[in-house]
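Now for the letters of each chain:
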Amino acid sequence: MSDHLQQYLIRNAPYYRPTSNEIALYEAAYALRLPLILKGPTGCGKTRFVEYMAWKLRKPLITLACNEDMTASDLVGRYLLDAEGTVWHDGPLTSAVRHGGICYLDEVVEARQDTTVVIHPLTDARRILPLDKKGELVHAHPDFQLVMSYNPGYQSSAKDLKQSTRQRFGAMEFDYPDAEVESEIVAHEAGISRAIAARLVGVAKRSRVLKGRGLDEGISTRMLIHAGSLIRDGVNPVEACRMTMTLPLTDAADMLNALQGFVEAHFG
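Conventions and cut-offs
Residues numbered from 1 in each chain as written. Predicted model: local features only at pLDDT ≥ 70, side-chain atom pairs only at ≥ 80, totals over all residues. Heavy atoms only, no water. Salt bridge = Lys/Arg side-chain N within 4 Å of Asp/Glu carboxyl O. Helix = DSSP H or I, 4+ residues; strand = E, 2+ residues; numbered from the N terminus. Buried < 20%, exposed > 50% of the residue type's maximum accessible area, 1.4 Å probe, protein only. Arc of directions from axis to C-beta. Contact = heavy atoms within 4.5 Å. Polar contact = N/O pair within 3.5 Å; in protein donor to acceptor, adjacent residues only side chain to side chain. Axes fitted to C-alpha atoms, helices over the stretch in contact; angles between N-to-C directions. Left-handed = near helix turned anticlockwise from the far one by under 90°. Nonpolar A, V, L, I, M, F, W, Y, C, P; charged D, E, K, R; others polar.

**Remarks on the pattern of salt bridges**
Here's step 1: If you walk through the whole model with that rule in mind, you get 15 salt bridges.
Here's step 2: Glu51 is the salt-bridge partner of Arg48, the closest N and O atoms lying 3.7 Å from each other. In this pair, Arg48 and Glu51 both sit in helix H2 (residues 46-57), three residues apart, roughly one turn of the helix.
Here's step 3: On the basis of relative accessible area, Arg48 is assigned to the partly exposed category, the value being 29%.
Here's step 4: For Glu51, a relative accessible area of 27% puts it in the partly exposed group.
Here's step 5: Of the charged contacts, one joins Arg98 and Glu136 as a salt bridge, the two residues approaching to 2.8 Å between their closest N and O atoms. Linking Arg98 in helix H4 (residues 92-99) with Glu136 in strand S7 (residues 136-139), this pair joins segments that are 38 residues apart in sequence.
Here's step 6: Using a relative accessible area of 26% as the deciding quantity, one classes Arg98 as partly exposed.
Here's step 7: Under the relative-accessibility criterion, Glu136 is labelled partly exposed at 22%.
Here's step 8: What you see here is one network of salt bridges that share partners, running through Asp90, Arg98, Lys134 and Glu136.

This is the structure in structure tokens:
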């Protein structure tokens, strides 16, 4: 492995609780260097899964959080002026392509479509990255793989993947685990008892029913871990849930009251 990517190696095993055969599926996809899309609601474990797989495969992981201001140059690189004059600097995607790593584009639909099209030559048999401004054609390292994630619940006509992009990828679907497994995850990650974790999960389950009926999303596993961590450190459970689960989720007073009602029912 190139020294350039050593800093992106995950040296300690991230905690990840499998819910199905997703590990075997990812390993099969990586063996073919098949580009992947991970689909699922926010905070359900997509990023943790990629981190776990990068650690398991012993490959460096370069992660980019996509946003609407991201340009193609933010991905591939640009010329910058420094003490030596105008020098080309590889972007994170180019580094992964050139030196062999897993490049993870988180919430890719947030990026502009004219930005994401630069990945097209990397996701077919060519596996190349043209650097037009530099006049270079970078052939992908054998270890390179491209992984993207997004939340289908946030899709709109303005924010969607082009068919010409999505049909180049394999896809894996994620969702919140069942109550027993989610309680196990929250208890482990937050360092609380399974009984307390189960109560938090109970609140989340009721909130998720409200998706599309006043809420864009229900309470995520990540939110439950935040609440559990505060409870572990001595914060009153009702206040912990309000700070990390209900207040961040909505500004609507009636919906806040409903969510706090769920909390009171489990912790009051």
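After presenting the structure, the write-up continues.
**Describing helix H10 (residues 237-246)**
Here's step 1: For H10, every residue scored as buried is listed here: Val238, Ala240, Cys241, Thr244, Met245 and Thr246. Buried residues of H10, seen end-on, are gathered within an arc of 155° and therefore sit on one face of the element. Away from the buried face of H10 by more than 90 degrees, exposed residues Glu239 and Met243 are located.
Here's step 2: Where the residues of H10 are buried, they touch helix H8 (194-208), helix H9 (221-232) and helix H11 (253-267).
Here's step 3: With a side-chain oxygen lying 2.9 Å from the backbone nitrogen of Val238, the N-terminal cap of H10 falls on Asn236.

**Observations concerning the packing of H10 against H11**
Here's step 1: Interhelical geometry of H10 versus H11 gives an angle of 145° and a closest axis separation of 10 Å. Two packed elements cross with a definite hand, and for H10 against H11 that hand is right-handed. In this structure, H10 contributes Pro237, Val238, Cys241, Arg242 and Thr246 to the contact, and H11 contributes Leu256, Leu259, Gln260, Val263, Glu264 and Phe267.
Here's step 2: Here the contact of H10 with H11 is built from residues that sort into seven nonpolar, two polar and two charged.

**Quick notes on helix H1 (residues 22-31)**
Here's step 1: Considered for burial, the residues of H1 that qualify are Glu22, Ile23, Tyr26, Ala29 and Tyr30. Burial along H1 is one-sided: seen end-on, the buried residues are contained in an arc of 125°.
Here's step 2: Close packing links the buried residues of H1 with strand S1 (36-39), H2, strand S5 (102-106), strand S8 (145-150) and strand S9 (170-173).
Here's step 3: Arg33, located one to two residues past H1, shows a positive phi value of around 55°.

**So, the side chain of Ser207**
Here's step 1: Inspection of the secondary structure assignment puts Ser207 in helix H8.
Here's step 2: Since its relative accessible area comes to 0%, Ser207 is described here as buried.
Here's step 3: A polar contact is formed between the side chain of Ser207 and the backbone nitrogen of Ile219, at a distance of 2.9 Å.

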